[in-house]
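A look at the structure
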Amino acid sequence: MNKRILLISGILLTTIFGGLGLYNVIDNKSRLVITNEKIEQVMKTNALTMMYETEAGSGEYRVSNDTSWPQEGYVFNEKLSDCENGGTLSWNDETKRVVLTTSTFDKCYVYFDKYLPTIINSVSASDISNNSITLTVNATVGENPIQVYYYSNNGGSSYVESNSNTYTFNGLETGTEYEFRVYVIDSNGVSSEVYSLQATTESAVYLANYIKSLYTSDGANGIYLHDGQGTYGSLEAGDNSYRYSGANPNNYVCFGSITSSCPNDNLYRIIGVFGDQVKLIKHDYATSTLLGTNGDYYGQYTLGEYYYKGSNYSNIAGYLWNYGINTWSESQLNTVNLNENYLANIGSEWSGKIAEHIWQVGGNTYQNIYNVVIKQAYTNEIINSATNATYNAKIGLMYVSDYGYAASPNNWNTILYNYDNDTNRNNNWIYMGLYDWTITRYSINEGNVFVINTNGSVIYASPIDNVLAVRPTFYLNSDVAYISGTGTSSNPYIID
């Protein structure tokens with residue numbers, strides 16, 4: 001960074017440093033290192049004269065009586081620095097010392113040029129979130145342009161290099177103060193002074209807690225607390241979940257993207273909050289690009305779009321529930337298309353936000369599922385299923401009870417087979433108008449699975465003979481944070 005100059009008498013230097021081991025013989029030449037501790041002794045012999053430039057770029061120099069090498073504002077001028085009897089001078093930037101190589105007595109003149117390094121005026125911290133902070137450097141460039149920026153988030157213990165005056169530290173701890181340090185090096189290798197600042201990441205606002213905070217009473221923001229109390233207490237699930245119900249609540253989430261305008265294929269909706277986990281279902285039906293063309297893929301969905309409420313009909317893929325019996329653990333829609341292809345296609349960052357979950361897949365009879373009101377269907381599907389069968393995985397499908405409770409509470413006393421009228425389907429936000437697989441089996445035989453009909457009713461269908469649409473459903477990890485958004489389709493919740 002700072003280069004210096006030194007003037008030395010070879011015989012004197014040898015005398016001074018010979019006993020200290022500060023020189024090496026190279027081709028019968030002594031390599032002498034003049035330290036700040038010895039520079040004053042050398043200068044008293046007139047073996048060394050230091051010359052400082054008076055103004056940057058002036059080319060005019062004055063004799064300096066300094067007794068240490070200049071640390072700031074000067075650089076060693078190797079071209080002008082010279083010795084009378086052929087010695088050579090060089091600057092060791094690592095040790096900040098001048099080195100003389102000579103084979104005889106010598107007198108040397110060490111020249112230092114006035115140098116204007118880059119000055120960092122300020123460093124601001126912005127875009128502060130739960131686990132990231134962006135630094136922006138404002139600097140006045142000196143004699144040479146900035147070549148490299150160095151950033152540290154650990155008080156200077158280590159730095160990362162960048163060619164930009166902005167740098168984002170990701171993966172930080174939530175609600176933690178960091179000591180950032182920044183400096184730059186110009187094209188001449190001269191460093192600026194180090195600039196320090198402190199900044200603290202935001203405390204996480206977990207999505208589950210944020211959704212719960214929107215609930216002030218049953219129906220506020222489309223949310224109902226299923227605690228068995230209040231107007232609809234006898235019809236509620238009684239599991240203390242917070243569920244969205246009604247025609248079109250603001251429960252959209254952008255999953256798989258953080259762009260300001262969320263792509264349609266990344267729109268999901270919140271079924272509810274269960275404990276400290278948010279449960280999502282894909283807003284529109286999956287394509288083969290998302291779920292793959294292996295496993296239980298059969299081809300394009302072709303069962304008609306009369307009731308379809310989306311805008312992607314020609315790209316919707318059709319899947320068997322299982323090319324075999326109605327056992328979810330044996331379904332390739334489950335093991336291959338959902339829990340292999342889907343997770344791979346959304347990428348590790350997003351699949352890492354999804355929780356492993358124990359899915360209730362024991363099922364029940366049609367009399368206990370679609371021929372009863374939703375409270376009884378929930379009990380028979382989740383609490384007292386026909387068999388005690390569960391499956392542990394990240395991705396599943398909606399429960400029949402998820403669909404039933406998504407309807408307006410005024411419909412909760414209607415049996416699910418009769419959810420086929422305009423009042424019921426138009427007041428149920430999950431309903432999308434195509435044949436829709438659920439995860440729940442018909443337990444009387446191995447040949448049927450419960451399905452959402454195109455008209456909105458709950459029916460059952462063969463898992464091996466029907467090619468229906470699929471909407472991946474899953475629970476988010478409890479530490480997934482709410483970042484922004486109002487939950488509308490045009491301004492969905494952004495999560496981190």
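All of the points below concern the structure found in this document.

1. Points about the overall build of the protein chain
Helix and strand counts for the protein chain stand at ten helices and 32 strands. Computed over C-alpha atoms, the radius of gyration of the protein chain comes to 37 Å, more than 25% over the 23 Å expected from 2.2 N^0.38 for 496 residues, which places it beyond the range of a compact globule. Judged by the C-alpha coordinates and their principal axes, the protein chain covers about 110 × 45 × 40 Å. Of all 496 residues assigned to the protein chain, the portion counted as buried reaches 52%. Once local pairs closer than 6 in sequence are excluded, the contacts in the protein chain between residues at least 24 apart make up 65%. Here the protein chain displays about 21,300 Å² of accessible surface, and carbon together with sulfur accounts for 42% of that area. Each charge class in the protein chain can be summarised by its mean position, and for the 25 positive and 46 negative side chains these summaries are 5 Å apart.

2. Re the sheet that holds strand β27 (residues 436–441)
As summarised here, the arrangement of the three strands in space is β27-β28-β29, forming an open sheet in which the pairing is antiparallel. Strands with a single pairing partner mark the edges of an open sheet, and in this sheet they are β27 and β29 (458–461). Averaged over neighbouring strand pairs, the angle between their axes works out to 40° when direction is ignored. Of the pairings in the sheet, the one linking β27 to strand β28 (residues 449–452) comprises three bridges and is antiparallel in character. Bridge pairing links R441 to V449 in β28.

3. Some remarks on the side chain of K353
Here K353 lies in the loop between α6 (348–351) and β24 (357–360). Put simply, K353 is tucked away with no salt bridge, and the nearest opposite charge, on D496, sits 4.1 Å away.

4. Digging into the pattern of salt bridges
Overall, the coordinates contain seven salt bridges when judged by the stated rule. The salt bridge involving R243 is made with D402; its shortest N-O contact spans 3.6 Å. Separated by 159 residues along the polypeptide, R243 in strand β18 (residues 242–244) and D402 in helix α9 (residues 400–405) bring together distant segments of the chain. Owing to a relative accessible area of 2%, R243 belongs among the buried residues under this scheme. D422 serves as the salt-bridge partner of R425, at 2.7 Å between the closest nitrogen and oxygen. Placement of the pair is R425 and D422 together in helix α10 (residues 422–426), with a separation of three residues, close to one helical turn. R425 gets classed as buried once you look at its relative accessible area, which sits at 10%. Given the relative accessible area of 46%, D422 is considered partly exposed. One salt-bridge network, in which partners are shared between bridges, spans D239, R243, K279 and D402.

Quick notes on the rules
Residues numbered from 1 in each chain as written. Predicted model: local features only at pLDDT ≥ 70, side-chain atom pairs only at ≥ 80, totals over all residues. Heavy atoms only, no water. Helix = DSSP H or I, 4+ residues; strand = E, 2+ residues; numbered from the N terminus. Rg over C-alpha atoms; globule rule 2.2 N^0.38 Å. Buried < 20%, exposed > 50% of the residue type's maximum accessible area, 1.4 Å probe, protein only. Contact = heavy atoms within 4.5 Å. Areas by Shrake-Rupley, 256 points an atom, 1.4 Å probe, with all protein chains shown as cover. Lys, Arg positive; Asp, Glu negative; His and termini not counted. Charge placed at Lys NZ, Arg CZ, Asp CG, Glu CD. Pairing = 2+ DSSP bridges. Axes fitted to C-alpha atoms, helices over the stretch in contact; angles between N-to-C directions. Salt bridge = Lys/Arg side-chain N within 4 Å of Asp/Glu carboxyl O.

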